[in-house]
Every structure is written in structure tokens, then in C-alpha cells.
Amino acid sequence: MSKLKYLALALPFILGACAPMQTTLIDPRADRSAIGMGLDSRDFDQAASKVVKDMLRSGALDKPQGGRYVAVISRISNDTMQRIDTDLLIKNIRVALLNSGKVVFTTAIANSGKGAEDNMSMQMRQLRSSQEFSQANAPKQGQMIQPELSLSGKFIQNNNRLGDGSQRVDYSFQLTITDLRTGLAHWEGNEPISKLGPGQTVAW
Amino acid sequence: MVVDPRVEITPNTGVILDRIQVNAIGPVRGNIRLLNTTGTDLPIKQTTTWFNSIGQYINTLLSRPEKMIVPRFGDAYVELIAPTPDAVMFQVRVEADFPE
């Protein structure tokens, strides 16, 4: 009987402990959620922000005769142990560079084997001979702009067990801007993010 | 210690504003030096908000919070680079980044 009484008293606490966590919206400016050994949007935002500041400060994107550079996204490889869409970083950088007024990206071509980032530029040109479409908005030949710069890069991860049993994970976002006329790298950046956590944590 | 209305440091942060340098010729650029005069490394989070000439908020990647650690008896710099050609005003908020 006394066991039953204890159980009855403990039941609300047990049920309370099992209550699912309430879903809440996260504002990036007031994000106090715990961090993990993997990568989340905070890491990508911070890395992209630092990379963009470095690019803008370097002057590599200041066109000598004024105006904007036309750039293309080249190969961005993910060599981390995590399944990451590289656009989590690259899109942030693209948007920030476009807003800076210094660079505009072409979507008419893409890294080898993918054709174009947006196929519609080429598909629309196939409508030139169509009798069904007015040709008022048809693009003329030679209107597409070839890129002057390309952005390429690599994401790297390195895990290390430390002497005290903890684990250190070093991520590195390496990016290069190449002048496509000369093949010379105008700007290179390496943005590291290092995390220290318990050895039991899995970082992939 | 410097007081500048463009830099807001919350009281529990432990760091002080040492210097602010801004070049307003052309795109706004500059940096802010924060000092830690204590014997403890201080994790902080800085957020730089940008505004255009009529005071409208500019939504930009460069306004996302940036985590930093100001080392004991050391300093850290907040870099200011206008994210868009029309960004002319900024407000920097520095707060402690201690776990709750």
C-alpha cells in the first residue's frame, strides 16, 4: 500500500520529466541554444560573415575601372565527415557579395558536368524559332556575360582525441577567388572553426 | 575607457571599449577594440546592426551575431565593413556569451 502511495506521489514528476520539449522559434540574434560538435547554421553564418568581411577588406573585389565583377561558383568540395550541402555557406557568401554591389554571379553556367545552375537561360534561347511566342523579349545572340572570377573551395574536418579524454574537432573552410583570364588567385581565405567537447560525442 | 553611443556593452560582459576607429569616406569601414582587464577569458557575442541614411535596418549576413573570446588581460577587435553601398550607420552590441 505504501509503495502505491509513493508511486502516486511520484507519478506527476515522472510524467513531467517525460513531457516533450516544446517547439520554439529561434531568433539568430538571441540564439542561446547549446552548441554541438557538428556544424550548424551559426557556424556557417559566422564563417561566411568573416570570409565576406575579409574579401571586401582585401580590395580583391574592387574593380579598377569601377562596376561589378561577374563571378561563377566553381567546385566546392565537402571533405568533412558530415553530409553538408555546401550552399549552407556559399549561398550566404553569394548573397552578401551581391548586396555589397561589387560582384554579380552568373547562373548560366556551372561547375563541369552540371550544365547550368539555372537551365532556363539556355532553354529560353530555344524558343527563338517558335512561332507560338512573341519574339519581343527574345534574347539576342551574344547577350550572356562570361564570368571574370570564379569561387572555389573545400571544407575540411580534422578530429583529435586529446590527452584528457576530450575531443577537438577542427573545421576549415578554404576558399579561393580566381581571375579567370589569368588563372591567378586574387584572394584566398581559410576560416577555421574549432570545437572542444567530450570524447563520447560523435562529430559526424 | 571610451563611451560611444554606437557601441553598447551590456553590464555583465566584463570588457570595456578601448577605441573606435571609423573611416566614413567611401564605404564605412573601421574597427572597435575591446579590452579585458580581468584575469579570466571572457566569451562574448557581438552583433553589428547596419542602417541606411534614413535609418532603415539593413538585413545582412554581416549583422549576424559573432562569438568571440576576449583573452585574459588581452584585447579583441570587432571589424566594421559596410555590407551595402547605402549602409552608413551602425550599432554594435556586445554581450556576454556565458551559458545560461
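See the structure printed just above.
Quick caveat, the model's predicted, so the values are computed rather than measured.

A.B. asks: Just checking my understanding: could you explain the overall build of chain B for this structure?
C.D. replies: Scanning chain B from terminus to terminus reveals 0 helices and 8 strands. Over its C-alpha trace chain B gives a radius of gyration of 14 Å, about what one expects of a compact globule, namely 13 Å for 100 residues. Over its C-alpha atoms, taken along the principal directions, chain B stretches across nearly 40 × 30 × 20 Å. Among the 100 residues that make up chain B, the fraction classed as buried is 46%. Accessible surface, chain B: about 5100 Å² in total, of which carbon and sulfur atoms supply 56%. Taking the average location of the 9 positive side-chain charges in chain B and that of its 11 negative ones, the two points are 2 Å from each other.

A.B. asks: So what exactly am I meant to see when it comes to the side chain of Asp45 of chain A here?
C.D. replies: Relative to the helices and strands, Asp45 of chain A is located in helix α2 (residues 41–58). The residues touching Asp45 of chain A, leaving out its near neighbours within four places in the chain, are Asn92 of chain A together with Leu61 and Arg64 of chain B.

A.B. asks: Would you explain the packing of aromatic side chains in this entry?
C.D. replies: Centre distance and the angle of the planes are the two values used to describe a pair of aromatic rings. A complete count under the given rule lists 3 aromatic pairs over all chains for this structure. Taking the centre distance of 5.5 Å and the plane angle of 55° together, the rings of Trp50 of chain B and Phe90 of chain B count as tilted. Here Trp50 of chain B, found in strand β4 (residues 42–51), pairs with Phe90 of chain B, found in strand β8 (residues 89–96); they are 40 residues apart in sequence, far enough to count as distant. Of the two residues, Trp50 of chain B and Phe90 of chain B, both sit in the buried class. One aromatic cluster in this structure is built from Phe44, Phe155 and Phe173 of chain A.

A.B. asks: Sorry, what's going on with unusual backbone geometry here?
C.D. replies: Glycine aside, residues mostly have negative phi angles, and peptide bonds mostly take the trans form. Despite not being glycine, Phe73 of chain B has its phi angle at roughly 50°, a positive value. For Phe73 of chain B, the location among the structural elements is in the loop between β6 (66–70) and β7 (75–81).

What counts and what doesn't
- Residues numbered from 1 in each chain as written.
- Chains lettered and ligands numbered in written order.
- Predicted model: local features only at pLDDT ≥ 70, side-chain atom pairs only at ≥ 80, totals over all residues.
- Heavy atoms only, no water.
- Helix = DSSP H or I, 4+ residues; strand = E, 2+ residues; numbered from the N terminus.
- Rg over C-alpha atoms; globule rule 2.2 N^0.38 Å.
- Buried < 20%, exposed > 50% of the residue type's maximum accessible area, 1.4 Å probe, protein only.
- Areas by Shrake-Rupley, 256 points an atom, 1.4 Å probe, with all protein chains shown as cover.
- Lys, Arg positive; Asp, Glu negative; His and termini not counted.
- Charge placed at Lys NZ, Arg CZ, Asp CG, Glu CD.
- Contact = heavy atoms within 4.5 Å.
- Phe/Tyr/Trp six-rings, centres within 6.5 Å; stacked < 30°, edge-to-face > 60°.

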